[in-house]
Amino acid sequence: MERQTERTIYEVMGGEEMIRSIVETFYPKVIKDPVIGPLFPEDIHPVKEKQFLFLTQFFGGPPLYTVSYGHPMMRARHLQVPIGMKEAEAWISCMRQTLEEIGMEPALRDFILERLKGPAFHFINKDEA
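Residues numbered from 1 in each chain as written. Predicted model: local features only at pLDDT ≥ 70, side-chain atom pairs only at ≥ 80, totals over all residues. Heavy atoms only, no water.

Taken as a whole and judged by the stated rule, the model has seven aromatic pairs. Taking the centre distance of 6.2 Å and the plane angle of 90° together, the rings of Phe54 and Tyr65 count as edge-to-face. Separated by 11 residues along the polypeptide, Phe54 in helix H3 (residues 45-58) and Tyr65 in helix H4 (residues 64-69) bring together distant segments of the chain. For Phe54, a relative accessible area of 10% corresponds to the buried category. The interplanar angle of 75° and the centroid separation of 5.0 Å between the aromatic rings of Phe58 and Phe59 together place this pair among those described as edge-to-face. You can call Phe58 buried: its relative accessible area is 18%. Owing to a relative accessible area of 2%, Phe59 belongs among the buried residues under this scheme. Sitting over the face of the ring of Phe52, Arg20 holds its NZ or CZ atom 3.7 Å from the ring centroid. The cationic tip of Arg115 hangs over the ring face of Phe58; the distance from NZ or CZ to the ring centre is 4.5 Å. (Phe/Tyr/Trp six-rings, centres within 6.5 Å; stacked < 30°, edge-to-face > 60°. Helix = DSSP H or I, 4+ residues; strand = E, 2+ residues; numbered from the N terminus. Buried < 20%, exposed > 50% of the residue type's maximum accessible area, 1.4 Å probe, protein only. Lys NZ or Arg CZ within 6 Å of the ring centre and 35° of its normal.)

This is the structure we're talking about:
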């Protein structure tokens with residue numbers, strides 16, 4: 001009897017090529033965004049590479065981020081950046097625009113955005129009151 005294996009989100013998305021496409025399409029939007037653009041360094045390349053490694057791992061691909069940097073501990077790694085609800089929503093908006101631009105199928109796009117909202121809103125570390 002043949003054993004069926006479930007595909008990871010990473011595989012369903014299109015693997016390395018799709019993650020790279022997402023990252024390359026996403027960061028120009030982030031840099032131009034008036035809310036979150038100023039939070040990023042001028043040299044965005046290291047950030048893009050870490051995002052590629054993280055998203056690969058986050059969606060079920062090889063544990064590239066952990067191999068390179070240890071456990072992601074993403075909230076702790078973002079504590080020095082002031083992130084409020086506006087910043088989290090701007091990040092999600094840039095990602096939504098990215099997934100639409102690259103032509104991701106709507107059901108998969110919505111699933112991925114819901115999955116990314118967890119970390120995006122978990123990173124909130126400032127009160128906007």
